[in-house]
Amino acid sequence: MKLGILLGYSGKQINIPIDLIRQAESMGYDSVWTAEAYGNDAVTAAAWVLAQTEKIRVGTAIMQMPARTPAMCAMTAMSLDQLSGGRFIVGLGASGPQVVEGWHGVPYGKPVTRTREYIQIMRKIMAREGPVEFDGDMYQLPNTGAGTTGLGKPLKSILEGNPNIPIYTASITPAGLRCAGEVADGVFPVWMDPDKFSILGDHIQKGMDTAGNGKSLSDFDIAPFVSVALNDDLKAAYDSLRPWLALYIGGMGAKGKNFYNDYATRAGYGEVAERIQDLYLSGKKAEAEALVPDQLLDEVALVGPRERIIERLGSWKAAAARGEVGTMLLGVHDPVVLELFAKELL
């Protein structure tokens, strides 16, 4: 099993912990992942890290697809792939309607259709077998729709392409997981219980079956985000993570349109997830956070004293042995924690 670290997106000021990244690189960590919401962008940070490291791979978790055309994303990927000696990983996501329509000012559309078409176009461009043409529901190359001149022509990338640049998607919905299994090289679910793989795996497998050609988990990287709260005070460790889960379950999206709430329901926490969302959306964040179950935190994160975390890593090691987890992406910037995981897993 490989290890990666999540940088997340910045606050008002961008602060990229290069010393920490270099330390992780020296320990044998495989990857580091940048992010974007509606502030800093993921690509600039990725380029910054790639320029100051030598071995560690850098991925985007995520590049928001509605913010870039598929061609622009392919151009970015090919450029960073060449400049870094093959260390760039494309990480894509649909984001959500609030950001896409409120910030980028474009229709949210059909996220799964967008993902499938987006990756198909990128692969055509990176394969560089000829001028690219595509006629999809959301993308047409050349575009001949309203407002066009009719002068568009199929083009072939000037830059030499690499068809093996890995493409991951951020997916947790059943349809999104099926799409990832069909067209992507990996997926990073925002949470995962290593003992409940079927919540993800059944849908991923259906996508692989659709792809055909013998595609299997041996060709596909499942790379969940894993938060870590190392603290001898178990209650304090739990409490430090409650705001994170409450935000996703309660505040990431509108009522009836929250993928993370739906995921918590599929994991067996539907009743409490609904209560958390109702409280969160009514402005009662502290009360929503208090409802996040310890059991759910233990299922999707690693919490408590050092010995407890090492013990609970057993489930993750077993999942890796079954081929159900390829990479753990750690949401932590503590050198002590990075060293602990490197010692236990690398």
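Up top is the structure.
Residues numbered from 1 in each chain as written. Predicted model: local features only at pLDDT ≥ 70, side-chain atom pairs only at ≥ 80, totals over all residues. Heavy atoms only, no water.

This brings us to the pattern of salt bridges. Inspection of the entire model under this criterion finds 13 salt bridges. The shortest N-O distance in the salt bridge between Asp-185 and Arg-123 comes to 3.2 Å. Of the two residues, Asp-185 is situated in the loop between helix 6 (174-183) and strand 9 (186-187) and Arg-123 in helix 5 (residues 111-127); the sequence distance between them amounts to 62 residues. Of the residues examined, Arg-123 reaches a relative accessible area of 25% and is grouped as partly exposed. (Salt bridge = Lys/Arg side-chain N within 4 Å of Asp/Glu carboxyl O. Helix = DSSP H or I, 4+ residues; strand = E, 2+ residues; numbered from the N terminus. Buried < 20%, exposed > 50% of the residue type's maximum accessible area, 1.4 Å probe, protein only.)

This part is about empty space enclosed by the protein. Inspection of every chain in the model, using the stated rule, returns 1 cavity of 30 Å³ or more. Looking at the largest cavity, the residues that line it are Trp-191, Met-192, Asp-193, Lys-196, Ile-199, Leu-200, Tyr-263, Ala-264, Ala-267, Leu-296, Glu-299 and Val-300. Elements with a minimum of two residues in the lining of the largest cavity: helix 7 (198-211), helix 9 (259-281) and helix 11 (294-300). (1 Å grid on protein atoms, 1.4 Å probe; cavity = no way out; pocket = protein on both sides within 12 Å on 5 of 7 lines; lining within 4 Å. Points joined across faces, edges and corners; volume = space filled by probe spheres on them.)

It is worth spelling out the packing of aromatic side chains at this point. Each pair of aromatic rings is reported with the distance of its centres and the angle of its planes. According to the stated counting rule, one finds 11 aromatic pairs in the structure shown. On the numbers, 6.0 Å between centres and 70° between planes, the contact of Tyr-118 with Tyr-139 is edge-to-face. On the criterion of sequence distance, the pair formed by Tyr-118 in helix 5 and Tyr-139 in the loop between strand 6 (134-135) and strand 7 (140-141) is long-range, its members being 21 residues apart. Assessed through its relative accessible area of 0%, Tyr-118 is described here as buried. Given the relative accessible area of 13%, Tyr-139 is considered buried. When the ring of Trp-191 is compared with that of Tyr-248, the centres are 6.4 Å apart and the planes differ by 70°; the resulting orientation is edge-to-face. Taken together, the residues Trp-191 in the loop between strand 9 and helix 7 and Tyr-248 in helix 8 (residues 234-251) connect sequence positions 57 residues apart. (Phe/Tyr/Trp six-rings, centres within 6.5 Å; stacked < 30°, edge-to-face > 60°.)

The axes of two packed helices give the description: the angle between them and the distance between them. The interhelical angle for the contact between helix 6 and helix 7, taken along N-to-C directions, is 45°, at an axis separation of 6 Å. Looking at the two axes, helix 6 sits oblique to helix 7. You can see that helix 6 and helix 7 cross each other, and the crossing is right-handed. Contacts from Pro-174, Leu-177, Arg-178, Gly-181 and Glu-182 of helix 6 reach helix 7 at Ile-199, Leu-200, His-203, Ile-204, Lys-206, Gly-207, Met-208, Thr-210 and Ala-211. Residue classes in the contact of helix 6 with helix 7 are distributed as 7 nonpolar, 4 polar and 3 charged. (Axes fitted to C-alpha atoms, helices over the stretch in contact; angles between N-to-C directions. Parallel < 35°, antiparallel > 145°, perpendicular 65-115°, else oblique. Left-handed = near helix turned anticlockwise from the far one by under 90°. Contact = heavy atoms within 4.5 Å. Nonpolar A, V, L, I, M, F, W, Y, C, P; charged D, E, K, R; others polar.)

What follows covers the pairing of strand 1 (residues 2-8). The buried fraction of strand 1 amounts to 5 of the 7 residues, a majority that puts the element mostly inside the structure. Pairing analysis gives 4 bridges linking strand 1 to strand 13 (residues 327-331), with the strands arranged parallel. Bridging across to strand 13, Ile-5 finds its partner in Leu-330. Relative to strand 2 (residues 31-34), strand 1 is paired through 4 bridges, and the arrangement is parallel. From the neighbouring strand, Leu-6 faces strand 2, where its bridge partner is Trp-33. Each parallel crossover has a hand, and for strand 1 linked through helix 1 (residues 18-27) to strand 2 it is right-handed. (Pairing = 2+ DSSP bridges. Right-handed = clockwise from strand over helix to strand, strands pointing away.)

A separate point is unusual backbone geometry. With an omega of 20°, the peptide bond between Ala-61 and Ile-62 qualifies as cis. For the bond running from Leu-141 to Pro-142, omega is -10°, close enough to zero to count as cis. Structurally, the position occupied by Pro-142 is in the loop between strand 7 and strand 8 (167-169). With phi around 55°, Arg-128 is a residue other than glycine that occupies positive phi space. Mapped onto the secondary structure, Arg-128 falls in the loop between helix 5 and strand 6.

Okay, the pairing of strand 5 (residues 88-93) next. Sheet faces and side chains relate simply in a regular strand, where the side chains alternate between the two faces. Summarising burial for strand 5: 6 of the 6 residues are buried, a large majority. Side-chain alternation along strand 5 places Phe-88, Val-90 and Leu-92 on one buried face and Ile-89, Gly-91 and Gly-93 on a second face that is also buried. Pairing geometry for strand 3 (residues 57-60) and strand 5, over 2 bridges, is parallel. Residue pairing in the sheet places Gly-59 in a bridge with Ile-89 of strand 5. Strand direction decides the pairing type here: strand 4 (residues 63-64) and strand 5, joined by 2 bridges, are parallel. The residue bridging Gln-64 from the neighbouring strand is Gly-93, located in strand 5. Between strand 4 and its parallel partner strand 5, the chain crosses via helix 3 (residues 70-84), and the hand of that crossover is right-handed. Where strand 5 lies against strand 8, 3 bridges are found, and the strand directions are parallel. Bridge pairing in strand 8 links Val-90 to Ile-167.

Here the focus is the packing of helix 5 against helix 6. Interhelical geometry of helix 5 versus helix 6 gives an angle of 15° and a closest axis separation of 9 Å. Judged by the inter-axis angle, helix 5 sits roughly parallel to helix 6. With respect to the hand of their crossing, helix 5 and helix 6 are arranged in right-handed fashion. In this structure, helix 5 contributes Val-112, Thr-115, Arg-116, Ile-119 and Arg-123 to the contact, and helix 6 contributes Ala-175, Gly-176, Cys-179, Glu-182 and Val-183. Of the residues in the contact of helix 5 with helix 6, the class split is 5 nonpolar, 2 polar and 3 charged.

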